[in-house]
Amino acid sequence: MPRHAARRSLVLIPAPLVLLAGHAAAAERGPWTGSSDEVRALVSEVMADAETRSSLLASGSTAGYDTGKGKFFLASDDGAWRLNISGYMQVRYYLNFRDDNGGDEDFESGFENRRTRLILDGKIATNVFYKIQSDFSRSTGVFGLLDAYGGYKWDNGLSIQFGQFKLPFLREELVSASLQLAADRSLTNVIFSQTRSQGVMLTYEQQDWRAMLAFSDGLNSQNSQVGTNSNAGAASGGIGFFRDGFTRGGGESDWCITGRFEWKPAGNWDQFKDFTSMPGNEFALLLGVAGTVEQSDQNLVAVGPDGLLATPDDLQGDTTLGGWTADLSLEGDGWNFYAAAIGHHVSNNLSVTATSAPADNSFDDYGVVVQGGIFIPNTNWELFGRYDVSIADSDRTGPGSTLDDDFSTVTFGANYYLSGHAAKFTMDLQWFLDDGMVLSGPQTSIGYFQDLTDENEITLRFQFQFMF
């Protein structure tokens, strides 16, 4: 299917206008006494009048559905101004099995609208672009903001954007949730993910390579306002990533710099918008590396592995987080492969008096994700598998701790494509091999409910995705 489809202008003749025009014409002529020739003349007059009115309504604009982009659009006649309207919905059913965990249920099941999103994007005066993406909360239904940015793109491949967007770090996170291989991203991605932040980013793209550099408020700081501190405690809405034994919150860091470089010796950039490679696609190769560093001062509330809480008065000093990743993506005729390695280094010069705090103030954590998929010949079925592991610094867990230093997950399943990603059914099984780990609590958004004392938690996911 062509990536760029020609625009189609829609010239509408509203029925009320036709009726009104006919009524006006009839009123001018008086009671009907005419012949068949006059009937034809009257019809021609009405149609000409309706065409004039509809042309005025559509003056200088086009509208329709762009099959290449998969979006409805409104645009100026010269194409300089354009508004794309799109969205998607993921309806999911879970079956979770785990051993009895201190009185908790050992079986969970139910439906969930995992994601329901509306997206507006486009351009203004050719070189100015923008995007707004909002999401209905899966738990409350509240309409919330995800992306909100605008920018300017020069003809030489350089662009700049301001606002709230995903930082250029993990590729698995940068690929849209609607274009993943499995029903959702890996647990390792959830633990190390950058998600969104507010800031400014430069991008320079050429035929075979591109580079991105962002200055922002820090990882996972979306929808934060000036003065809301990073690592403000377990109740601040963070994803449960532990920095030096402290729960990472969702506010702002003092500063953060994130950069990513990608080299594409084969294929085209559009092939790497998703992880799937349809039958008939050409071979494509992408290599990526990225790094990030941020710092926060005196903005921590200690939560040790034992769950005890210290007070802000117990903490003095700065916390620095540094991260790196390297990834490889391969695509071919109906098959795909992806692998990524991740590292986070956390250090601080905190003076901590709380007994719950770990003794060591420097930690190195790692993650690995490997996945691949292949189509069954002459069908719309795609089989896939994934292995991911998160490896925590051994100093994060004290003597006698029941939490693991590492945590592995095996995922395998199948996609059935009714109309590409626009209408797709996914079923997969996640096998969480280990018991609870220090780097993450429960992540019910992907089906991990966490069994702290027993291994082999299993989750089945059945998902139908609609896109427009």
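It should be noted that the structure appears before, not after, this text.
Within every chain, residues take consecutive numbers counted from 1 along the sequence as written. Confidence filtering applies because this is a predicted model: local features only for residues at pLDDT of at least 70, side-chain atom pairs given and counted only at 80 or more, and all residues used for totals across whole chains, interfaces and linings. Only hydrogens and water are removed before side-chain values are computed, so all heavy atoms of the structure are retained for them.

Moving on to the pattern of salt bridges. Pairing between side chains of opposite charge can happen when their charged atoms approach one another. When a carboxyl oxygen of Asp or Glu lies within 4 Å of a side-chain nitrogen of Lys or Arg, that pair is called a salt bridge. Tallied over the entire structure, the rule returns 18 salt bridges. A salt bridge links Glu205 to Arg210; the nearest nitrogen and oxygen atoms lie 3.5 Å apart. The buried label goes to any residue with under 20% of its type's maximum accessible area, the exposed label to any with over 50%, and the partly exposed label to all in between, with areas taken from a 1.4 Å probe on protein chains only. Owing to a relative accessible area of 31%, Glu205 belongs among the partly exposed residues under this scheme. We note a salt bridge from Arg210 to Glu262, for which the minimum N-O separation is 2.6 Å. Of the two residues, Arg210 sits in strand E9 (residues 209–216) while Glu262 sits in strand E12 (residues 255–266), which places them 52 residues apart along the sequence. On the accessibility criterion, Arg210 (18% relative accessible area) is buried. For Glu262, a relative accessible area of 4% translates into the label buried. Residues joined by salt bridges that share partners form a network here, namely Glu205, Arg210, Arg260, Glu262 and Asp327. Elements are defined by DSSP. Helices are runs of H or I of four residues or more, strands are runs of E of two residues or more, and each kind is numbered from the N terminus.

What follows is about the pairing of strand E17 (residues 381–391). Residues in a regular strand point their side chains to alternate faces of the sheet. Two strands qualify as a pair provided that DSSP identifies no fewer than 2 bridges between them. As defined by bridge partners, strand E16 (residues 362–375) adjoins E17 across 10 bridges and the pair is classed as antiparallel. Looking at E17, one finds that Gly372 is bridged to Gly385. As paired elements, E17 and strand E18 (residues 406–417) share 11 bridges and run antiparallel to each other. Bridge assignment links Phe384 to a residue of E18, and that residue is Gly413.

With that settled, consider the pairing of strand E5 (residues 128–136). For strand E4 (residues 107–124) and E5, the ladder comprises 8 bridges, and the chain directions are antiparallel. Among the inter-strand pairings, Ile119 is bridged to a residue of E5, identified as Gln133. Between the end of E4 and the start of E5, which pair antiparallel, lie 3 residues, with Ala125 showing a positive phi angle near 55°. Judged from the 9 bridges that link them, E5 and strand E6 (residues 143–153) form a sheet pairing that is antiparallel. Following the sheet pairing, Asp135 is matched in E6 by Gly144.

Turning our eyes to something else, we now look at the nonpolar core. Residues grouped as a nonpolar core are buried Ala, Val, Leu, Ile, Met, Phe, Trp, Tyr and Cys residues, joined through side-chain atoms within 4.5 Å. In terms of nonpolar packing, the biggest core is built from 16 residues, with Leu187, Ile191, Phe192, Phe407, Leu439 and Tyr448 touching the most fellow members. In what follows, a contact means two residues having at least one pair of non-hydrogen atoms within 4.5 Å. Ignoring sequence-local partners within four residues, the contact set of Leu187 consists of Asp388, Phe407, Thr409, Phe432, Ser440, Gln443, Ile446 and Tyr448.

Let us look at a nonpolar patch on the surface. The patches described consist of residues with a relative accessible area above 30% and no salt bridge, like charges being joined within 9 Å and nonpolar side chains (Val, Leu, Ile, Met, Phe, Trp, Tyr) within 5 Å. Where accessible areas are quoted, they stem from the Shrake-Rupley method and a 1.4 Å probe; at the residue level, only the protein chains shown are allowed to cover. Residues Phe72, Leu74, Ile85, Leu118, Leu120, Ile132, Phe136, Phe143, Leu145 and Phe468 make up a contiguous nonpolar surface patch of about 820 Å² in total accessible area. Elements that contribute at least two residues to the nonpolar patch include exactly strand E2 (71–76), E4, E5 and E6.

Quick look at the packing of aromatic side chains now. Only Phe, Tyr and Trp rings take part, Trp by its six-membered ring, and two of them pair if their centres are within 6.5 Å. Stacked means planes under 30 degrees apart, edge-to-face means over 60, and tilted covers everything else. Scanning the entire structure with this criterion turns up 16 aromatic pairs. Ring centres of Tyr65 and Phe72 lie 4.8 Å apart, and the angle between their planes is 65°; this geometry places the pair in the edge-to-face category. On the basis of relative accessibility, which here comes to 29%, the residue Tyr65 falls in the partly exposed class. A relative accessible area of 41% means that Phe72 is categorised as partly exposed.

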